[in-house]
Amino acid sequence: MKLIDFTKEIDKTNLDLIKETFKSGNLVIFPTETVYGIGADATNKEAVEKIFLAKNRASDNPLIVHVASKEKIDEIAHINSLLEKTLIDTFMPGPFTLILEKKENIPDIVSANLNSIGVRIPENKIAQKILEHTNLPIAAPSANLSSKPSGTSVSDIITEFENTVPVIVNGGNTKIGIESTVVKVIDDTITILRPGKVTYEDLLEVTDKVIIKDKLTNEKVISPGLKYKHYAPNTKCILVYNEDSLIYNDIVKKHITNNTVIIGSKENENNFKNYTYLSYGSKENLDEISSNIFTLLRKADTYNPDLIIIEGVKKEGLGLAIMNRLLRAAQYNYIDTI
Ligand code: TXA
Ligand code: MG
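Here the structure is a predicted model, which means the values were calculated and not measured.

## What to know about the packing of aromatic side chains
Moving on, step 1. Considering all chains together, one arrives at four aromatic pairs under this definition.
Moving on, step 2. On the numbers, 6.1 Å between centres and 10 degrees between planes, the contact of Phe272 with Tyr277 is stacked. In this pair, the class of Phe272 matches that of Tyr277, namely buried.
Moving on, step 3. Grouped by ring-pair contacts, the aromatic residues Phe272, Tyr275 and Tyr277 constitute a single cluster.
Moving on, step 4. Over the ring of Phe272 we find Lys253, and its NZ or CZ is 5.4 Å from the ring centre.

## Description of the pairing of strand β13 (residues 237-240)
Moving on, step 1. Of the two faces of β13, the one lined by Cys237 and Leu239 and the one lined by Ile238 and Val240 are each fully buried.
Moving on, step 2. Pairing analysis gives four bridges linking β13 to strand β16 (residues 307-311), with the strands arranged parallel. Counterpart to Ile238 in the pairing with β16 is Ile309.
Moving on, step 3. Inspection of the sheet shows β13 paired to strand β17 (residues 334-335) by two bridges, in the parallel sense. Across the sheet, Leu239 pairs through a bridge with Tyr334, a residue of β17.

## Considerations on the side chain of Glu33
Moving on, step 1. Tracing the sequence through the fold places Glu33 in the loop between β2 (28-30) and β3 (37-41).
Moving on, step 2. Polar contacts involving the side chain of Glu33 include one to the main-chain amide nitrogen of Glu123, which spans 3.0 Å.
Moving on, step 3. When residues no more than four places from it in sequence are discounted, the contact partners of Glu33 are Gly94, Pro95, Arg120, Pro122, Glu123, Asn124, Thr174, Lys175, Ile176 and Gly177.

## Quick word on the nonpolar core
Moving on, step 1. One finds Ile29, Ile38, Ile73, Leu87, Phe96, Phe161 and Leu203 to be the most contacted residues of the largest nonpolar core, which totals 45 residues.
Moving on, step 2. Those elements that provide at least two residues to this core are β3, α2 (45-55), α4 (82-91), β6 (96-102), β7 (116-120), α7 (154-161), β10 (181-186) and β11 (189-194).
Moving on, step 3. In terms of residue count, the dominant contributor to this core is α2 (five residues).
Moving on, step 4. Sequence-distant contacts of Ile73, that is, excluding residues within four places in its chain, are made with Val67, Ile79, Ile88, Met92, Leu100, Val119 and Ile121.
Moving on, step 5. Counting 28 residues, the second largest nonpolar core, distinct from the first, contains Val35, Tyr241, Ile293 and Ala330.

## Here we look at unusual backbone geometry
Moving on, step 1. Here Met92 and Pro93 are connected by a cis peptide whose omega angle stands at -5 degrees.
Moving on, step 2. When you line up the elements, Pro93 lands in the loop between α4 and β6.
Moving on, step 3. A positive phi angle, close to 50 degrees, is found at Ala112, a residue other than glycine.
Moving on, step 4. Within the secondary structure, Ala112 is located in the loop between α5 (108-111) and β7.
Moving on, step 5. Residues other than glycine seldom take positive phi values, yet Asp188 does so here, at roughly 65 degrees.
Moving on, step 6. Position of Asp188 relative to the elements: it lies in the loop between β10 and β11.

## Describing the side chain of His66
Moving on, step 1. Inspection of the secondary structure assignment puts His66 in strand β4 (residues 64-66).
Moving on, step 2. For His66, a relative accessible area of 4% translates into the label buried.
Moving on, step 3. Polar contacts involving the side chain of His66 include one to the main-chain carbonyl oxygen of Ile64, which spans 3.4 Å.
Moving on, step 4. Those residues in contact with His66 that sit more than four places away from it in its chain are Arg120, Pro122, Leu131, Leu136, Pro137, Ile138 and Ala140.

## A few points about the sheet that holds β16
Moving on, step 1. Spatially, the five strands line up as an open sheet ordered β15-β14-β16-β13-β17, and their pairing is parallel. Edge positions in the sheet fall to β15 (276-281) and β17, since each of these pairs with one other strand and no more.
Moving on, step 2. Packing against the sheet, helix α11 (residues 318-329) makes contact with β13, β16 and β17, and its axis sits at approximately 145 degrees to β13.

## Description of the environment of Thr235
Moving on, step 1. Relative to the elements of secondary structure, Thr235 occurs in the loop between β12 (210-212) and β13.
Moving on, step 2. Accessibility expressed as a relative area gives 12% for Thr235, which makes it buried.
Moving on, step 3. Between the alpha carbons of Thr235 and Leu27 there is a distance of 30 Å; along the sequence they are 208 residues apart.
Moving on, step 4. When neighbours within four sequence positions are excluded, Thr235 is seen to be in contact with Asp301, Pro305, Asp306, Leu307 and Ile308.
Moving on, step 5. A polar contact is formed between the side chain of Thr235 and the side chain of Asp301, at a distance of 2.6 Å.

## Quick look at the environment of Val48
Moving on, step 1. Within the element layout of this structure, Val48 appears in helix α2.
Moving on, step 2. Measuring from C-alpha to C-alpha, the distance between Val48 and Pro107 comes to 9.1 Å, with 59 residues separating the pair along the chain.
Moving on, step 3. Contacts of Val48, omitting those with residues within four sequence positions, involve Ala40, Asp41, Ala42, Leu63, Ile109, Val110 and Ala139.

Scoring rules and cut-offs
Residues numbered from 1 in each chain as written. Chains lettered and ligands numbered in written order. Predicted model: local features only at pLDDT ≥ 70, side-chain atom pairs only at ≥ 80, totals over all residues. Heavy atoms only, no water. Phe/Tyr/Trp six-rings, centres within 6.5 Å; stacked < 30°, edge-to-face > 60°. Buried < 20%, exposed > 50% of the residue type's maximum accessible area, 1.4 Å probe, protein only. Lys NZ or Arg CZ within 6 Å of the ring centre and 35° of its normal. Helix = DSSP H or I, 4+ residues; strand = E, 2+ residues; numbered from the N terminus. Pairing = 2+ DSSP bridges. Polar contact = N/O pair within 3.5 Å; in protein donor to acceptor, adjacent residues only side chain to side chain. Contact = heavy atoms within 4.5 Å. Core = buried A, V, L, I, M, F, W, Y, C linked by side-chain atoms within 4.5 Å. Axes fitted to C-alpha atoms, helices over the stretch in contact; angles between N-to-C directions.

Structure (structure tokens):
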């Protein structure tokens, strides 16, 4: 495996190497502003197959295709409505994925046999340069073994992929830290299939018809990825949230043992002085929490605890996306009252 360092400079020699790696049907891990992606030429069926093998990903879970610019979307997908066009113009490039009708040149393995694909234009500079230079649509799910927290730094994921991925690009810690908002337009309604940094509130600026599909409701799962175990540390987790911090502390104290790790806010740290406490930052700063959360879920496991207790956040704005990930990390072990 070759590790490329783009944290200081994005050099032409290494961009050429990345391009060659993609063109020869091999995998490259690269940073985006959300999480790291494990990418392959989306038009090459054999190359895409390698992603599924390296991640141990179920073949019915479709991938997102990344392109460098809006003009390139036409090469892989149909834009069928004005609303889709507006969403592209408003939120791309950025932490936003739009499900569109797929064109023929994208093999069925990418879309898991659906007639639609997820399309995303990352705004991270390294991802941009790689996509421009390679000039191919790149299929890339998050860089993590299936069911594990998504990779937000190279050190978190290098051991998972050093034997299966020939090129890994280091771009430092990813800025947002959780994956893109996934959206599909269904019957003139913006349907959020996975919440993210582009929030429900942001989407309401485009039209008042916005709905959120979440597995917690009993509706049919239309984003296949949502049905699998996700983001989970090896240790059992419980997610605790109560707006009243006295109640929150009482709930935690009911479950905690000497060997428990807590992941929670800076504000509550002092209440758990005798325990292993991993602070995700201030309750008031959801951006900070989202950028830290996956690394902390991985770190908590390294203490070999009997339990991980995670402090939840209010389900508003980016908080909705954070809770979506934490609920899955805790496999829906959620407590909100004593
Ligand atoms: O931020 C991100 O989106 C990262 C970076 C690397 O771009 N990628 C990412 O990919 O999170 P992945 O594969 O881990 O998640 C893709 C999600 C899954 O939940 C998948 O089911 C959904 O998008 N998805 C992809 N294609 C779809 C389609 N045609 N219809 C419905 N859902 C789809
Ligand atoms: Mg993923």
